[in-house]
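What the coordinates show
What follows is each chain in one-letter form.
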Amino acid sequence: MEDLLPELCDQFPDLVRVVEPMFGNYGGREAFGGEIVTIKAFEDNSLVREQVAQPGAGKVLVVDGGGSMRRAMLGDMLAEKAASNGWEGIVIYGCIRDVNAIGNTEIGVQALGTHPLKTDKKGIGELNLPVTFGGVTFTPGEFLYADNNGVLVSAQKLELS
């Protein structure tokens, strides 16, 4: 899946919405894609913990952390749980921690940056509603594709021919 996004953009220019460049690629899987599941939560990763414990084959978790650069919405234990439950990847509009361990975990992870401080656990957040950041709205049930070139969204599943 090398350079997947340029190929998808070339083949399906009218079907893709490209997210503004802002994410770093941190997971052990550089290219990933799947059906979008969303979380909206600010500096509280309780819902992230709940979702990565669910079966995630063919799915990508999109976390709108409000762009917070003050807390990490994902650490190594949650990334490991997501990988063991088959999630394709996680995109976080916010920070992660435990970068070296996540880099050795078989899951795609993109985030704005890193921060060593974990979040509070207050159970606050919303699941599976459209979230918008980077100039794109991420709607549950649509599809996300990511690699070292960036992140894009499509209303339908895209297959390269």
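Above this text sits the structure in question.
Fair warning: this is a prediction, and the values are worked out from it, not measured in the lab.

With that settled, the discussion passes to a positive patch on the surface. There is a patch of like positive charges on the surface, built from Arg 49, Lys 81, Lys 118 and Lys 121. Here Lys 118 shows up in the loop between strand E7 (108–114) and strand E8 (126–127). Taking relative accessible area as the criterion, Lys 118 reaches 48% and is therefore assigned partly exposed.

By the criterion of burial, strand E3 (residues 32–40) is predominantly enclosed, with seven of the nine residues buried. Here four bridges tie E3 to strand E11 (residues 143–147), and the two strands are oriented antiparallel to one another. By the bridge assignment for E11, Gly 34 is matched with Leu 144. Between E3 and its parallel partner strand E4 (residues 59–64), the chain crosses via helix H2 (residues 46–52), and the hand of that crossover is right-handed. Bridging between E3 and E8 involves two bridges; their strand directions are antiparallel.

Inspection of the secondary structure puts Gly 67 in the loop between E4 and strand E5 (72–74). Sequence-wise, Gly 67 and Phe 133 are 66 residues apart; in three dimensions their C-alpha atoms are separated by 8.5 Å. With near-sequence residues (within four places) excluded, Gly 67 lies in contact with Tyr 93, Gly 94 and Leu 112.

Each value, and the rule that gives it
- Along each chain, residue indices are assigned from 1 in the same order as the chain's sequence is written.
- Restriction of local features to residues with pLDDT of at least 70 applies here, the model being predicted, together with a cutoff of 80 or more for giving and counting side-chain atom pairs; totals for whole chains, interfaces and linings are based on all residues.
- With hydrogens and water set aside, each side-chain value is computed from the structure's full complement of heavy atoms.
- A patch is a set of surface residues, each over 30% in relative accessible area and not in a salt bridge, joined within 9 Å for like charges and within 5 Å for the nonpolar side chains Val, Leu, Ile, Met, Phe, Trp and Tyr.
- Only the protein chains shown count as cover for residues, with accessible areas throughout obtained via the Shrake-Rupley method and a probe of 1.4 Å.
- Salt bridges, as used here, are contacts in which a Lys or Arg side-chain nitrogen is within 4 Å of a carboxyl oxygen on Asp or Glu.
- This count recognises Lys and Arg as positive and Asp and Glu as negative, with His and chain-terminal groups excluded.
- Charge positions are represented by NZ for Lys, CZ for Arg, CG for Asp and CD for Glu.
- Numbering of helices and strands starts at the N terminus; helices are DSSP runs of H or I of at least 4 residues and strands are runs of E of at least 2.
- Burial status follows relative accessibility: with a 1.4 Å probe on protein chains alone, a residue under 20% of its type maximum counts as buried, one over 50% as exposed, and anything between as partly exposed.
- Should DSSP find at least two bridges between two strands, the strands are regarded as paired.
- Call a crossover right-handed when, viewed with both strands pointing away from you, the route from the first strand across the helix to the second goes clockwise.
- A contact between two residues is defined here by any heavy atoms of the two lying within 4.5 Å.

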